[in-house]
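# Examination of the molecular architecture
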Amino acid sequence: MYNEEEVLPALVSRLRPVLAGLGVPYEVVAVDDGSTDRTAALLDAFRLGWPELRVIGLRRNSGHQAALTAGLDRAVGAYVVSIDADLQDPPEKIPDMLTLARAEHLDIVYGIRADRASDTGFKRWTAGLYYRLVRRLAGPSVPAQAGDFRLLSRAAVDALKALPDQQRVYRLLVPWLGFPSGEVTYERAPRPAGQSKYPLGRMIRLAVDSVTGFSAAPLRIATWLGGFAFLVCLALMIYTLSAHAFQHTVPGWTSLFIGVLFIGAVQLVCVGLLGEYVGRIYTAVQNRPTYFVGHDTAARAHSAASASPVTAAAAATVDPGVPAPAAAPGGDADSSAPLAQRLRQRS
């Protein structure tokens, strides 16, 4: 979530009853992607009455895919569902995902947008163009109209964490794993509050990362452009020699001028494509972290438990079937650490 103070109350009111109805231990890992509004304060307030809520605050806005990476890296459940805070993906579909994964022994369950009537015509057109492009480059294993609302098993999460990719696009990485998968369809709803945090510039950046991070096709396009430019130059050479033989050299200036412009444009396109891939290689060589965690409420709870022998002993002897107690209002206690232990035992 990023600057989602307006939609947070609606998110909590819909998500909590759904998860409580599952009848299994769970945690909600809320990744605050460097919000500058009251998102962090509201999350702290909700934690007072919702002990299963765990907040991870990133030090700066790292981007959508980096925030997803932070959540996947720290989630401990046997199953992990990623969902945006804008409620365009319905949390009521989470039980259906879990039921399908358990019944058919699936590692991945995709949320498929069967109806995007709530989006603008331009958004639907660009989304359709994006999915056609990535399916052509990465193969038909990429589900059409599947965003980042999906369920992953612990095996799938561990496989993703082991990948060395720096600039991750999970819409392509998850299908690439090839794990058994299923689909749950839903209608994409409009935002109940707030504004979209994914403008056209970020959508273009996602498309560029998808193409250059998962395919070498643009480099092959540069090769084809170079071959086409060679044929054009060969035709212009024949035309120039013919014009010189018939002493029509002055009219040839137009074709020469166009040929120089065309070759220059092709060279710039090819250099730009090469620069994009060299830039990705440079980023990979730097090996810089894609995000920095400012605070994790589970880590604070673990430190508090380690400092108190009585609390640590109680956490070690907790019954996995007993729900964790809620933190006292205004106190520093947090039940996320015992909950994490129970989730690891279930895993």
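Relevant structure appears above.
These remarks concern the structure in this document. (Residues numbered from 1 in each chain as written. Predicted model: local features only at pLDDT ≥ 70, side-chain atom pairs only at ≥ 80, totals over all residues. Heavy atoms only, no water.)

### A few points about the nonpolar core
Within the largest apolar cluster, 27 residues are counted, with the highest numbers of intra-cluster contacts made by Leu-15, Val-28, Trp-50, Leu-53 and Val-109. The set of elements that each furnish at least two residues to this core consists of helix 1 (8-20), strand 1 (28-32), helix 2 (39-47), strand 2 (53-58), helix 4 (94-104), strand 5 (146-153) and strand 6 (181-187). Excluding residues that lie within four positions of it along the chain, Val-109 makes contacts with Met-97, Leu-100, Ala-101, Arg-150, Leu-151, Gly-182, Glu-183 and Val-184. Core analysis: the second largest hydrophobic core is formed by 17 residues, Val-157, Leu-163, Leu-173 and Leu-177 among them. (Core = buried A, V, L, I, M, F, W, Y, C linked by side-chain atoms within 4.5 Å. Buried < 20%, exposed > 50% of the residue type's maximum accessible area, 1.4 Å probe, protein only. Helix = DSSP H or I, 4+ residues; strand = E, 2+ residues; numbered from the N terminus. Contact = heavy atoms within 4.5 Å.)

### A look at the pairing of strand 6
Burial along strand 6 is one-sided: Gly-182, Val-184 and Tyr-186 are buried, and none of Ser-181, Glu-183, Thr-185 and Glu-187, which face the opposite way, are. Both strand 4 (residues 108-115) and strand 6 contribute to a ladder of 7 bridges, which runs parallel. Looking at strand 6, one finds that Asp-115 is bridged to Glu-187. (Pairing = 2+ DSSP bridges.)

### Section: the pattern of salt bridges
In the structure shown here, the tally under the stated rule is 11 salt bridges. Across the salt bridge formed by Arg-74 and Asp-296, the nearest N and O atoms sit 3.0 Å from each other. One end of the pair, Arg-74, is in helix 3 (residues 64-74); the other, Asp-296, is in strand 7 (residues 293-296), and 222 residues separate them in sequence. Classification of Arg-74 as partly exposed rests on a relative accessible area of 29%. (Salt bridge = Lys/Arg side-chain N within 4 Å of Asp/Glu carboxyl O.)

### Things to note about the sheet that holds strand 1
Pairing in this open sheet of 3 strands is mixed, and the strands run 1-2-7 from one edge to the other. Because the sheet does not close on itself, it has two edges, and the strands there are strand 1 and strand 7. For this sheet the average axis-to-axis angle between neighbouring strands, irrespective of direction, equals 20 degrees. Pairing analysis gives 3 bridges linking strand 2 to strand 7, with the strands arranged antiparallel. When the bridges of strand 7 are listed, Gly-57 appears paired with His-295. Docked against the sheet, helix 2 engages strand 1 and strand 2, running at close to 160 degrees with respect to strand 2. Contacts from helix 3 reach strand 1, strand 2 and strand 7 within the one sheet, and its direction differs from that of strand 2 by about 135 degrees. (Axes fitted to C-alpha atoms, helices over the stretch in contact; angles between N-to-C directions.)

### Points about unusual backbone geometry
One non-glycine residue, Leu-87, adopts positive backbone phi at about 65 degrees. For His-105, which is not glycine, the phi dihedral falls at a positive 55 degrees.

### A short note on the sheet that holds strand 3 (residues 79-82)
Spatially, the 4 strands line up as an open sheet ordered 3-5-4-6, and their pairing is mixed. Across the chains shown, the open sheet's two edge strands, defined by having one partner strand only, are strand 3 and strand 6. Here the average twist between neighbouring strands, direction ignored, is 20 degrees. Here 4 bridges tie strand 4 to strand 5, and the two strands are oriented antiparallel to one another. What sits directly across from Tyr-110, in strand 5, is Arg-150. Relative to the sheet, helix 6 (residues 154-162) contacts strand 3, strand 4 and strand 5, its axis offset from that of strand 5 by approximately 115 degrees.

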